[in-house]
There are 2 protein chains.
Amino acid sequence: MTAEPEAKPRRIRNISELAKLAGVSAGTVSRALAGKELVNSRTRERIQALAREHGFRPNQMASRLRTGQTGVIGVVIPLGHEKKQHISDPFFMTMLGHLADGLTEVGYDLMLSRVIPADGEDWLERIVDSGMLDGVVMIGQSDQFAAIERTAAVYPPLVVWGTARPGQRHCVVGTDSFVGGQLAVRHLLSRGRRRLAFFGDTTGLEIEQRLAGARAALAESGSGATLAVYPTHLSQQEMPGQIAADLDRMDPAIDGIFAASDVIAMATVRLLHERHRKVPEDIAIVGFDDLPLATQTVPQLTTVRQDIAAGARTLVANLLRRLAGEATGSTIMAPELVIRESA
Amino acid sequence: MTAEPEAKPRRIRNISELAKLAGVSAGTVSRALAGKELVNSRTRERIQALAREHGFRPNQMASRLRTGQTGVIGVVIPLGHEKKQHISDPFFMTMLGHLADGLTEVGYDLMLSRVIPADGEDWLERIVDSGMLDGVVMIGQSDQFAAIERTAAVYPPLVVWGTARPGQRHCVVGTDSFVGGQLAVRHLLSRGRRRLAFFGDTTGLEIEQRLAGARAALAESGSGATLAVYPTHLSQQEMPGQIAADLDRMDPAIDGIFAASDVIAMATVRLLHERHRKVPEDIAIVGFDDLPLATQTVPQLTTVRQDIAAGARTLVANLLRRLAGEATGSTIMAPELVIRESA
DNA sequence: ATGAAAGCGCTAACAA
DNA sequence: TTGTTAGCGCTTTCAT
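Cut-offs and rules
Residues numbered from 1 in each chain as written. Chains lettered and ligands numbered in written order. Predicted model: local features only at pLDDT ≥ 70, side-chain atom pairs only at ≥ 80, totals over all residues. Heavy atoms only, no water. Phe/Tyr/Trp six-rings, centres within 6.5 Å; stacked < 30°, edge-to-face > 60°. Helix = DSSP H or I, 4+ residues; strand = E, 2+ residues; numbered from the N terminus. Buried < 20%, exposed > 50% of the residue type's maximum accessible area, 1.4 Å probe, protein only. Pairing = 2+ DSSP bridges. Near = heavy atom within 4 Å. Polar contact = N/O pair within 3.5 Å; in protein donor to acceptor, adjacent residues only side chain to side chain. Nonpolar A, V, L, I, M, F, W, Y, C, P; charged D, E, K, R; others polar. Axes fitted to C-alpha atoms, helices over the stretch in contact; angles between N-to-C directions. Contact = heavy atoms within 4.5 Å. UniProt positions renumbered as here; feature names shortened; annotations may be inferred. Least-squares fit on C-alpha atoms with pLDDT ≥ 70 in both.

Engineer: Explain the packing of aromatic side chains here, please?
Structural biologist: Between two aromatic rings, the relevant description is the distance of the centres plus the angle of the planes. A full pass over the atoms with the stated rule returns 8 aromatic pairs over all chains. Summarising the aromatic geometry, the rings of Phe258 of chain A and Phe288 of chain A are spaced 6.4 Å apart at their centres and angled 35 degrees between planes, so their arrangement reads as tilted. On the criterion of sequence distance, the pair formed by Phe258 of chain A in strand β8 (residues 256–259) and Phe288 of chain A in strand β9 (residues 284–289) is long-range, its members being 30 residues apart. The pair Phe258 of chain A / Phe288 of chain A is uniform in exposure class, with both members buried. Centroid distance Phe91 of chain B to Trp161 of chain B: 6.1 Å. Interplanar angle 40 degrees. Geometry classified as tilted. Taken as a pair, Phe91 of chain B in helix α5 (residues 90–105) and Trp161 of chain B in strand β4 (residues 158–161) lie far apart in primary sequence, 70 residues in all. For Phe91 of chain B, a relative accessible area of 10% corresponds to the buried category. Classification of Trp161 of chain B by relative accessible area gives buried; the value is 0%.

Engineer: Explain the pairing of strand β2 (residues 109–115) of chain A here, please?
Structural biologist: On a regular strand, one side chain projects to one face of the sheet and the next to the other, so that they alternate. A large share of β2 of chain A lies buried, amounting to 5 of its 7 residues. As paired elements, strand β1 (residues 72–78) of chain A and β2 of chain A share 7 bridges and run parallel to each other. Opposite Val72 of chain A, over in β2 of chain A, you have Asp109 of chain A as the bridge partner. Pairing of β2 of chain A with strand β2 (residues 109–115) of chain B involves 3 bridges; the strand directions are antiparallel. By the bridge assignment for β2 of chain B, Leu112 of chain A is matched with Leu110 of chain B.

Engineer: Could you clarify how one ought to interpret the protein's contact with DNA strand C in this entry?
Structural biologist: In the vicinity of DNA strand C, 24 residues are found, and the nearest of them are Ile15, Ser30 and Arg66 of chain A together with Ser25 and Thr28 of chain B. A share of 67% of the atoms of DNA strand C within 4 Å of the protein falls on sugar and phosphate groups. Within the backbone of Ser25 of chain B, a nitrogen or oxygen atom sits 2.7 Å from a phosphate oxygen of DNA strand C. Per element, the largest residue contribution to the surface near DNA strand C is 4 residues, and it comes from helix α4 (residues 60–67) of chain A. Each residue belonging to the surface near DNA strand C can be placed in one class, and the counts come to 8 nonpolar, 11 polar and 5 charged.

Engineer: How should the sheet that holds β1 of chain A be read in this particular structure?
Structural biologist: The pairing of strands in a sheet comes from backbone hydrogen bonds and takes either a parallel or an antiparallel form. Reading across from one edge, β11(A)-β5(A)-β4(A)-β3(A)-β1(A)-β2(A)-β2(B)-β1(B)-β3(B)-β4(B)-β5(B)-β11(B) is the order of the 12 strands in this open sheet, with mixed pairing throughout. Edge strands, defined here as strands with exactly one partner in the open sheet, are β11 (331–333) of chain A together with β11 (331–333) of chain B. Direction aside, the axes of adjacent strands within the sheet are offset by 20 degrees on average. Here strand β5 (residues 171–175) of chain A runs beside β11 of chain A; their pairing, made up of 3 bridges, is parallel. By the bridge assignment for β11 of chain A, Thr175 of chain A is matched with Met333 of chain A. Sheet contacts for helix α12 (residues 308–323) of chain A: β1, β3 (135–139), β4 (158–161), β5 and β11 of chain A; angle to β4 of chain A, the most-contacted strand, approximately 165 degrees.

Engineer: Would you take a moment to explain the UniProt feature "domain: HTH lacI-type" (unreviewed entry) in chain A for this structure?
Structural biologist: Listed under "domain: HTH lacI-type" (unreviewed entry) in the UniProt record, and renumbered for this structure, are residues 13–67 of chain A. The annotated region residues 13–67 of chain A carries 69% helix and 0% strand content, and the separation between its end C-alpha atoms amounts to 20 Å.

Engineer: I tried to follow the protein's contact with DNA strand D on my own but got confused; where do I start?
Structural biologist: Taken together, 24 residues are adjacent to DNA strand D, and Thr28 and Arg66 of chain A together with Ile15, Ser30 and Arg66 of chain B come closest. The sugar and phosphate moieties of DNA strand D supply 62% of its atoms located within 4 Å of the protein. Note that a base nitrogen of DNA strand D is positioned 2.8 Å from one of the side-chain N or O atoms of Arg31 of chain A. In this structure, Arg31 of chain B approaches DNA strand D through a side-chain N or O atom, which is 3.4 Å from a base oxygen.

Engineer: Looking at this model, I keep getting lost on the side chain of Glu125 of chain A. Mind explaining?
Structural biologist: Structurally, Glu125 of chain A is set in helix α6 (residues 123–128). Here Arg150 of chain A takes part through its side chain, which lies 2.8 Å from a polar atom of the side chain of Glu125 of chain A. Aside from chain neighbours lying at most four places away, what touches Glu125 of chain A is Arg150 and Thr151 of chain A together with Arg57 of chain B.

Engineer: Would you explain the relation of the copies chain B and chain A in this entry?
Structural biologist: These two copies of the chain differ by a rotation about an axis and a displacement along the same axis. Rotating chain B by 180 degrees and translating it 0.0 Å along the rotation axis places it on chain A, where the RMSD comes to 0.1 Å. Seen this way, the second copy is the image of the first under a two-fold rotation axis. Among all residues of chain B, the minimum C-alpha distance to the rotation axis is found for Met111 of chain B, at 2.2 Å. Of all interface residues in chain B, 100% are interface residues in chain A too; the two copies therefore contact each other through one and the same surface.

Laid out in structure tokens, this is it:
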């Protein structure tokens, strides 16, 4: 083995080695590489050229320790009540994608934490003062409301996707789940459906409120319609089997389903198809979220839209303001019924 | 406003403050908090209790700078030839989920980089020697083969999901795309289809090889079947419109489609349904990937399966070995045809 | 079993 | 415009 063709003098390990090579002090190199104006433009370019030539880049860890700014935002997905729920849940991922877009645009890196809070009481505290993060955005509250409140009280740069409770302190952005639930059920009723079912696990706050809205719509209608509730696992493995079982044992008179998410709705549509029950003719289905996949199913999903992109933008905007020391309130967005083919 | 009920003495900012409080030296606190044996078990517990009581946790940034270990793995998704492709592409996300599972299990954090290589020539170098990462896994090669090779030559802890080229140096794990393409087309032919179309953008290596396999299967069959090629955008926004256009202008005699991904296949199935063309009766469709959603469509997708979970496990395993200084070869997994309903 | 001291690589006040 | 110096908060010899 011979040496590499482009055998460079030898690897530069840090700023002072480069400084020695350039015949200046470490401070000057630091300033030059940071593109500061205080350094002679000739020297600056010479140093930058030297750095490029040697493939040298300053160690971020050191720089960040020194400046106290990490440039990293933690994105945490709490899997509190659903251990099996995979991080690849389409909703999480859609949100994560938008957050990545927004955060990288303003120069932050993302650190991903997939957390199972059962691991310990202080999971959020541990993340928050690891010293590695400038701020944190949580996707979902799961059943960790108390833990979030506790941390938010002492850690301002924390924003959460989810639902607001009266008197809460942490900055949340989300969709009005209660209204969303109302929208869904009102639509089902307007389609003449009277024997309804709700598919969703109400352990989490959001879905609990979707159900509450559904019930309210039912009550206000005075139609005498009924609503049977079936908790549905969020895990991609368990879900289809469980829905199948629910479908098989449930009252055959059921003619409308409000699914707590598009993922549930989609699986339900397919399972119904397998059972030769037509959607929406035999059973109408309304989903929730309006994920991209809602338009890709056959039939396309009628669903309650959450504007995930706007939500991500608001989360990022709020986080930035909090990073800058401002206060921010919560934002609850209005859901919107999108009528397609399934109901 | 009065003080908090549990007004703690006052916040401990670092190890030496805690040391002072405990009446020991910083070194001892460091050892105690790290759970080292060298420190008297009584002192250790006392210090740990004190830390807990004050909610103190050592600064990771400092610790990592000092030890030279960052404990974070960069996961990068290069969006080379498809600027509009969103990070929320289901394949990426499924892979990312599995990587997150595997990496967090062995104690690493994930740092997410969504990269558009056009941003600069040295994008990978910049990531790799930011000093923030112990290693890097790339999901996909995009059109960045050269950049990857260049970096891999000097940075061992790099593993890549993708495809192998003869003589390549970087550690890749992936599925044999060529064989996958063969499988798909052979199946279509065995179903009596003779006028085939390929939907996929061949700018990336993997899809190019899927097409090559498809062509090889065609040639070996001697059936006189034909294959029309339609490049398909990977972006979630562009894709449906483009497929629709392709569907409308393509030879009506086409009776079989090999879609380069399940996402493409799924969109195609729906668009065909809209056009009252039955799948598989009128047109058979074979997808690629076997994403979870492949089983959720109507009809369920016949597809070429890549074992994404196994791939993620192998990526992680290889990365760990490389982190430990070992060498690793590449792994090309055999694809498997999964016959469901669409073909 | 513990303390003292020397840095990890960088940045920023302060001087010159 | 540049150099010097003092840390950021932690870990880890080395000495005791």
